[in-house]
Amino acid sequence: RIASIQNSYSLLVRKDYEAGLAEACHYHDVALLPYSPLASGILTGKYRDKSNLPTEARLNKFPGFMDRYLDSLNEEAANAYGDIAKEAGMTSTQLALSWCYHRELVASTIIGATTIKQL
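Everything in this summary refers to the structure shown in the same document. (Residues numbered from 1 in each chain as written. Predicted model: local features only at pLDDT ≥ 70, side-chain atom pairs only at ≥ 80, totals over all residues. Heavy atoms only, no water.)

### Focus on the packing of aromatic side chains
Phase 1: The full count for this structure, using the stated rule, is two aromatic pairs.
Phase 2: Look at Tyr 9 and Tyr 17: their rings are 5.2 Å apart centre to centre, the planes differ by 65°, and that puts the pair in the edge-to-face class. Like Tyr 17, Tyr 9 is buried.
Phase 3: For the ring pair Tyr 9 and Trp 99, a centre distance of 5.3 Å and an interplane angle of 40° mean the geometry is tilted. Here the residue Tyr 9 occupies a position in the loop between strand S1 (4-5) and helix H1 (15-20), and Trp 99 occupies one in helix H5 (residues 92-101), the gap between them amounting to 90 residues.
Phase 4: On the basis of relative accessible area, Tyr 9 is assigned to the buried category, the value being 2%. (Phe/Tyr/Trp six-rings, centres within 6.5 Å; stacked < 30°, edge-to-face > 60°. Buried < 20%, exposed > 50% of the residue type's maximum accessible area, 1.4 Å probe, protein only. Helix = DSSP H or I, 4+ residues; strand = E, 2+ residues; numbered from the N terminus.)

What follows is the structure in structure tokens.
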């Protein structure tokens, strides 16, 4: 019996799981272990000010890796979520993780930190 699946799942990446797997997981009691709940860091807010990016950020370490998120509707959505988080008195990271943890069938999350400080 399958106990869990791992899919990319976040406020920005939802379609594959919600449109294709959520119903099957519900009926077969299969948990979701989402990876990249912070959408490669875009949902932390650290990429909002592109003139002040951390040198160790994925955007700088892996050129082209963040193209799907930056200068797109994804970036606009991430910034809007950041504004909502601020209004609610929380960080962008807290909002993104809380949203993910409170989704049905999410058992835990898999976070890919690039530095010890992020842990």
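### Looking at the nonpolar core
Phase 1: By size, the foremost hydrophobic cluster in this structure holds 24 residues, and its most contacted members are Tyr 9, Leu 12, Ile 42, Leu 43, Tyr 47 and Met 66.
Phase 2: When sequence neighbours within four positions are dropped, the list of residues in contact with Tyr 9 reads Arg 14, Tyr 17, Glu 18, Leu 32, Pro 34, Tyr 35, Ser 36, Pro 37, Trp 99, Cys 100, Arg 103 and Val 106. (Core = buried A, V, L, I, M, F, W, Y, C linked by side-chain atoms within 4.5 Å. Contact = heavy atoms within 4.5 Å.)

These results come straight from atomic positions and should not be treated as a statement about function.
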